Amino acid sequence: MALKDITLGQFFPGDTPLHRLDPRTKLLLVVLYIVALFLAKNALGYALLALALFSAILISKVGFKAVFKGLKAVLFIVIFTAFLNLFYTVGEGEPLLSFWVFHIYWEGIRTAFFMVLRIMMLISSTFLLTYTTSPIRLTDALEELLGGLKKLHVPVHELSMMMSIALRFIPTLIEETDKIMSAQKARGADFDSGNLIQKAKSLIPLLVPLFISAFRRADELAVAMECRCYHGGEGRTRMLVLRYALRDYVALALGFGLIAAVVGANFLGVF
């Protein structure tokens, strides 16, 4: 997997209905979608969730290629999770296949398949949120949704700003890592051959300049924010004020409707 395949944190500007939704609505929709994913128990429920996700990708015009490209970064986790569920799920009756200490049951195959679907759709929905929402808008949405915690003296604005900055700098750090790797390979560094320990040691010439670059960027950002008289969220105003529109209420209604449909599908007992 190439570093350029990691697309988390990237924002694709557009003027689609999904881009025009209030960022608070999109955050709530992602939460509702994740809840629906954990409520789904059979193939019909997952089919409804997949249909909803594919429809959202089509509406956003981001493209399936960009979403699937981002999934390459978590391919190892998905495969590892599938194997764990496949071999460690014990079902009723005789196993379908047995070798050494491993036994594969029908329940294990079913659980592994649904777990892979759940992880892939969960990550894809999160990617779609960052693809269609700028980091600044995400910061405003998080601060608005968590505003009630300010009464408990929780630094909501600072936490939201930290999360948005982290998302914003993921593509930048990936690009920086790619440049450092290319420079080190030009000097004869080998990141691909050898065993696991040798590969880990070969990353030292990459990690040191990467950390130095990350700290330098953080220092430059801090200086730039201080020069612009940034002192936290108190008394700050926004250029764009968040307001709900009819489309936001319709989208939220569809989100709750999806949860109701998934719960209803669970009672049908299909697969």
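Parameters at a glance
- Residues take numbers from 1 onward in each chain, read along the sequence in its written order.
- Note on the predicted model: pLDDT of at least 70 is required for a residue's local features to be given, and 80 or more for side-chain atom pairs to be given and counted; whole-chain, interface and lining totals, by contrast, use all residues.
- Each side-chain value is worked out from all heavy atoms of the structure, with water and hydrogens disregarded.
- Throughout this description, the term nonpolar core refers to a set of buried Ala, Val, Leu, Ile, Met, Phe, Trp, Tyr and Cys residues connected via side-chain atoms within 4.5 Å.
- Any residue under 20% of the maximum accessible area for its type is buried, any over 50% is exposed, and the rest in between are partly exposed; the area is computed with a 1.4 Å probe on protein chains only.
- Every helix listed is a DSSP run of H or I at least four residues long, and every strand listed is a run of E at least two residues long, numbered separately from the N terminus.
- Contact between two residues is taken to exist if any of their heavy atoms lie within 4.5 Å; hydrogens are not considered.
- Structural elements are reduced to axes, namely lines fitted to C-alpha atoms, with helices fitted over the stretch in contact, and the angle between N-to-C directions of any two is expressed from 0 to 180 degrees.
- Orientation is classified from the angle alone, with under 35 degrees giving roughly parallel, over 145 giving roughly antiparallel, 65 to 115 giving roughly perpendicular, and any other angle giving oblique.
- Less than a right angle of anticlockwise turn of the near helix away from the far helix marks a crossing as left-handed, whereas a clockwise turn marks it as right-handed.
- Residue polarity follows a fixed list, in which Ala, Val, Leu, Ile, Met, Phe, Trp, Tyr, Cys and Pro are nonpolar, Asp, Glu, Lys and Arg are charged, and the others, Gly among them, are polar.
- Here, a salt bridge means any Lys or Arg side-chain nitrogen found within 4 Å of an Asp or Glu carboxyl oxygen.

Caption draft 1: A look at the nonpolar core. One finds Tyr33, Leu49 and Met121 to be the most contacted residues of the largest nonpolar core, which totals 32 residues. Broken down by secondary-structure element, the contributors of at least two residues to this core are α2 (23–39), α3 (43–60), α4 (64–71), α6 (106–132) and α11 (246–266). Ranked by residue count, the leading element in this core is α6, at 7 residues. Residues contacting Leu49, with those up to four places away along its chain left out, are Tyr33, Ala36, Leu37, Ala40, Met121, Leu258 and Val262. Counting 6 residues, the second-largest nonpolar core is a separate cluster that includes Val30, Leu129, Leu138 and Ala141.

Caption draft 2: Local environment of the packing of α2 against α3. For the pair α2 and α3, interaxial distance at closest approach is 10 Å and the crossing angle is 155 degrees. By the angle class used here, α2 and α3 are roughly antiparallel. Between α2 and α3 the crossing geometry is left-handed. Side by side, α2 and α3 meet where Tyr33, Ala36 and Leu37 of the first sit next to Tyr46, Leu49, Ala50, Ala52 and Leu53 of the second. For the contact of α2 with α3, the per-class residue count stands at 8 nonpolar, no polar and no charged.

Caption draft 3: Inspection of the pattern of salt bridges at higher detail. Summed over all chains, the structure comprises 3 salt bridges. Between Asp15 and Arg20 there is a salt bridge, with its nearest N and O atoms 3.3 Å apart. Under the relative-accessibility criterion, Asp15 is labelled exposed at 60%. Here Arg217 ties to Glu176 by a salt bridge, and the two come within 3.1 Å at their closest N and O atoms. Residue Arg217 is found in helix α10 (residues 204–227), and its partner Glu176 is found in helix α8 (residues 156–186); the two are separated by 41 residues along the sequence.

Just geometry here; none of it tells us what the structure is for.
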